[in-house]
Amino acid sequence: MNEKKRIRLGVFEMMNPSNGMPTWTHPEGRGDDWDRLDYWVELAQELDAAGFDFLFFADTYGYATLGGRMPEEVAAHGIQFPALDPMLAITALARATENLGFVVTSPTTVERPYATARRFASLDRFTQGRIGWNVVTGSSQATTDELFGVTETLSHDGKYDAADSFLDTCLKYWEHSWDDDAEVRDRARRVYADPAKLHRVEVDDAYQRSQGIFAVPPTPQRTPVLFQAGTSDRGRAYAARNAEAVFIQGQTIESAAAHVRDIRDQAVRNGRRAEDIAVVTGMTVTVAPTRAEAEALRAEYEELLGRDDAAVMFAGITGLDLTGLDPETRVVDLTTDLGQTLIQRYARQDPEMRVGDILDQFRTKAIRGFQVTGTPEEVADEIEAIIDGSGIDGIMLEPTFGGPAAYRAFIDLVVPVLAGRGRVGAPEGSTLREHISGTPRLAATHRAHRLTASAPAHTPVD
Ligand SMILES: Cc1cc2nc3c(=O)[nH]c(=O)nc-3n(C[C@H](O)[C@H](O)[C@H](O)COP(=O)(O)O)c2cc1C
């Protein structure tokens, strides 16, 4: 008999006024709340009590630009701007919750590996193993580079090559600088840590140079749960090599199933097991006691993003100003060194799709995944069909109007139906990795275990 898969539940958030769509003006929006720590604490507590596995924070240093300048809409309409740094709120959220995991996005382009490793290790200690890292090469790259004074920009694939080296450096510090029993804290012998059990990390490659001993002793998970989100061809290869959880924005069961198969096949070719990678999809659920009410809510929501705002958001992600292109341009002919996920999504959907068609679709769906609308039973049916038909392991709810009302509707109306069908329940274990994969440490098949603290002594040069 086929056992029904437990659906992992997460929430997709950004620490800005709206969460993706500029919805902060709506009565259910959070225009006045988003920068209050208590708002996030209360939200985390609600999700924790409802049995959610994790709260995921997308994040970027940058903002959308057109022609190198911030378009008026960004500030005037609050399009993913302004924003606070979610990492700084995590300890407060963890302290107020018991089981909920937290995933924080941090880019490999402008950060430094050692600082990133130390921050996430500290968070793993403070949260008692409930932290994950969404490893991204980064969106809004143009503005981020300006803010950080970066003048040398890598190609799209080069950024992923650099991200491999970045993550390897972090993994060496997390997994190989301290033996499991190196931290002894022996007062009588006056030995805090056994120096013989510490190892010096040495990295010196085309992208990173870092040497030394990690300052943070082993933490409950050692490595934060590794999430990944870019789904271009190179992004998928990165995920198959490194990620433990991949975040996709599924659009149809068929395309999501193909995506899941592709990533898992690639993982197997890398010596991993298919089940080493959990796939979670973004999902916007609009649920109400009757179908008519749910559809009315959905229609209200679709009115919130104007075409100009949509174009600005699209440009922020891809670097492409669609309004300045011939509407007859084929999507397959677009190129960018910024995010390729969106363009490839449309090109895969229909190779003949034109630039003029994208904005209409993007305006109502933006960067979201499956759009599920209906009564609690209908929504639960569709979620089960998506999970069972695609091989996806979990969903990340995308709130509609920005505030917690959408989660509350889901928690009150849909969770009981899914629970009744044995599809959701309290998270397994106390660490985020246990919630996702059942074990507290990186799988034995992960390449982190084949790395060592030191680089090979010397690569012969002829
Ligand atoms: C679903 C999804 C979520 C993402 N979330 C973030 C994010 O929060 N912050 C960020 O800087 N980049 C984010 N990205 C950008 C990617 O991680 C990646 O850096 C960018 O899309 C370029 O890679 P690609 O061509 O593979 O898409 C996201 C991408 C996708 C597809």
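Residues numbered from 1 in each chain as written. Predicted model: local features only at pLDDT ≥ 70, side-chain atom pairs only at ≥ 80, totals over all residues. Heavy atoms only, no water.

The protein chain goes by NtaA/DmoA family FMN-dependent monooxygenase in an unreviewed UniProt entry, where it is assigned to Microbacterium caowuchunii. Quoted verbatim from the Sequence similarities (unreviewed entry) field of UniProt, the annotation for the protein chain is "Belongs to the NtaA/SnaA/DszA monooxygenase family." (UniProt positions renumbered as here; feature names shortened; annotations may be inferred.)

(A) Summary view of the site of the ligand. Near the ligand, the surroundings consist of 19 residues, among which Asp59, Thr137, His156, Ser232 and Thr341 are the closest. Gly138 places a main-chain nitrogen or oxygen 2.8 Å from an oxygen atom of the ligand. For the ligand, an oxygen atom lies 2.5 Å from a polar atom in the side chain of His156. Look at the ligand: alone it shows 600 Å² of surface, and the protein chains cover 92% of it. Considering only residue class, the shell around the ligand consists of five nonpolar, 13 polar and one charged. (Near = heavy atom within 4 Å. Polar contact = N/O pair within 3.5 Å; in protein donor to acceptor, adjacent residues only side chain to side chain. Areas by Shrake-Rupley, 256 points an atom, 1.4 Å probe, with all protein chains shown as cover. Nonpolar A, V, L, I, M, F, W, Y, C, P; charged D, E, K, R; others polar.)

(B) Representation of the pairing of strand β2 (residues 54-58). For β2, the buried fraction is high: five of the five residues fall into the buried class. Across the two faces of β2 the burial is the same, with Phe54, Phe56 and Ala58 and Leu55 and Phe57 all buried. Judged from the five bridges that link them, strand β1 (residues 8-14) and β2 form a sheet pairing that is parallel. For Gly10, the partnering residue across the bridge sits in β2 and is Phe54. Where the polypeptide runs from β1 across helix α1 (residues 37-49) and back to β2, its parallel neighbour, the crossover connection is right-handed. Note that β2 and strand β3 (residues 101-107) share four bridges and pair parallel. Looking at the pairing, Phe54 lines up with Gly101 of β3. (Buried < 20%, exposed > 50% of the residue type's maximum accessible area, 1.4 Å probe, protein only. Helix = DSSP H or I, 4+ residues; strand = E, 2+ residues; numbered from the N terminus. Pairing = 2+ DSSP bridges. Right-handed = clockwise from strand over helix to strand, strands pointing away.)

(C) Looking closely at the UniProt feature "binding site: FMN" (unreviewed entry) in the protein chain. Here, the residues flagged by UniProt with the feature "binding site: FMN" (unreviewed entry) are Asp59, Thr105, His156, Tyr160 and Ser232. Thr105 gets classed as buried once you look at its relative accessible area, which sits at 5%. Apart from residues lying up to four places away in sequence, Thr105 is in contact with Phe56, Phe57, Ala58, Asp59, Asn134 and Val136. A polar side-chain atom of Thr105 sits 2.7 Å from the main-chain carbonyl oxygen of Phe57. Structurally, His156 can be placed in helix α6 (residues 156-176). (Contact = heavy atoms within 4.5 Å.)

(D) Layout of the environment of Gln251. By the element assignment, Gln251 lies in the loop between β10 (245-248) and α8 (253-269). Once the C-alpha coordinates of Gln251 and Gln371 are considered, the two residues, 120 residues apart in sequence, prove to be 7.9 Å apart. Not counting residues within four places of it along the chain, the set of residues in contact with Gln251 comprises Arg345, Lys365, Arg368, Gly369 and Phe370. For Gln251, the side chain forms a polar contact with the main-chain oxygen of Arg368, separated by 3.0 Å.

(E) Spatial organisation of the domain arrangement of the protein chain. Each assigned domain of the protein chain is listed here: domain 1 (8-304 + 367-450) and domain 2 (306-365). When each unit is reduced to the centre of its C-alpha atoms, the spacing between domain 1 and domain 2 is 25 Å. Contact residues are listed per partner, giving 33 residues for domain 1 and 21 residues for domain 2. Of all residues in domain 1, Leu66, His156 and Ile367 give up the largest surface area on contact with domain 2, accounting jointly for 23% of the area buried on that side. For the salt bridge of Arg348 with Asp233, the shortest nitrogen-to-oxygen distance reads 3.0 Å. (Domains from an automatic or database assignment. Buried area = accessible area lost by both parts, 1.4 Å probe. Salt bridge = Lys/Arg side-chain N within 4 Å of Asp/Glu carboxyl O.)

(F) Fine view of a nonpolar patch on the surface. Taken together, the side chains of Tyr61, Leu147, Phe148 and Val150 present a nonpolar region at the surface, about 350 Å² in accessible area. Relative to the helices and strands, Phe148 is located in helix α5 (residues 141-148). (Patch = residues over 30% accessible without salt bridge, like charges linked within 9 Å, V, L, I, M, F, W, Y side chains within 5 Å.)

(G) The confidence of the model for the protein chain, seen in detail. Here the protein chain averages 91 in pLDDT, and 97% of its residues register 70 or above. Contacts from residues 455-462, a stretch scored under 50 in pLDDT, to residues over four places away or in other chains number two contacts. (pLDDT = per-residue confidence, 0-100.)

(H) Summary view of the packing of aromatic side chains. Going through the model one piece at a time under the given rule, you end up with 19 aromatic pairs. Between Tyr63 and Phe81, the aromatic rings sit 5.8 Å apart at their centres with planes inclined by 70°, giving edge-to-face as the arrangement. In this pair, Tyr63 is assigned in the loop between β2 and α2 (72-76) and Phe81 in the loop between α2 and α3 (90-95), connecting sequence segments 18 residues apart. Here the aromatic cluster, defined as three or more aromatic residues joined through ring pairs, consists of Phe12, Phe54, Phe56, Phe227 and Phe247. (Phe/Tyr/Trp six-rings, centres within 6.5 Å; stacked < 30°, edge-to-face > 60°.)

(I) Molecular detail of α1. Over its 13 residues, α1 runs 18 Å from end to end, which matches the ideal 18 Å to within 8%, given 1.5 Å per residue. Those residues of α1 not exposed but buried are Tyr39, Trp40, Val41, Leu43, Ala44, Leu47 and Asp48. Looking at the buried side of α1, the elements it contacts are β1, β2, α3, β3 and α14 (405-420). Immediately downstream of α1, the backbone of Gly51 shows phi near 85°, a positive value. (Expected span 1.5 Å × (residues − 1).)

(J) Representation of the nonpolar core in the model. Formed by 82 residues in total, the largest nonpolar core has its most connected members in Phe52, Trp174, Ile383 and Phe410. If you tally residues by element for this core, the top one is α6, at eight residues. Those residues in contact with Phe52 that lie beyond four places of it in its chain are Leu9, Gly10, Val11, Leu47, Leu100, Leu397, Phe410, Ile411 and Pro427. Formed by 42 residues, the second largest nonpolar core is a distinct cluster that contains Tyr301, Leu305, Leu322 and Val331. (Core = buried A, V, L, I, M, F, W, Y, C linked by side-chain atoms within 4.5 Å.)

(K) Layout of the environment of Ala115. You can see Ala115 is positioned in helix α4 (residues 113-126). Remark: the alpha-carbon pair of Ala115 and Cys170, spanning 55 residues in sequence, is separated by 9.1 Å.

(L) Layout of the side chain of Gln228. Here Gln228 shows up in strand β9 (residues 225-228). With a relative accessible area of 2%, Gln228 lands in the buried category. For Gln228, the side chain forms a polar contact with the main-chain oxygen of Gly235, separated by 3.2 Å. Once residues within four sequence positions are removed from consideration, Gln228 is found in contact with Asn134, Val135, Tyr160, Gly235, Tyr238, Ala239, Ala243, Ala245, Val246 and Phe247.

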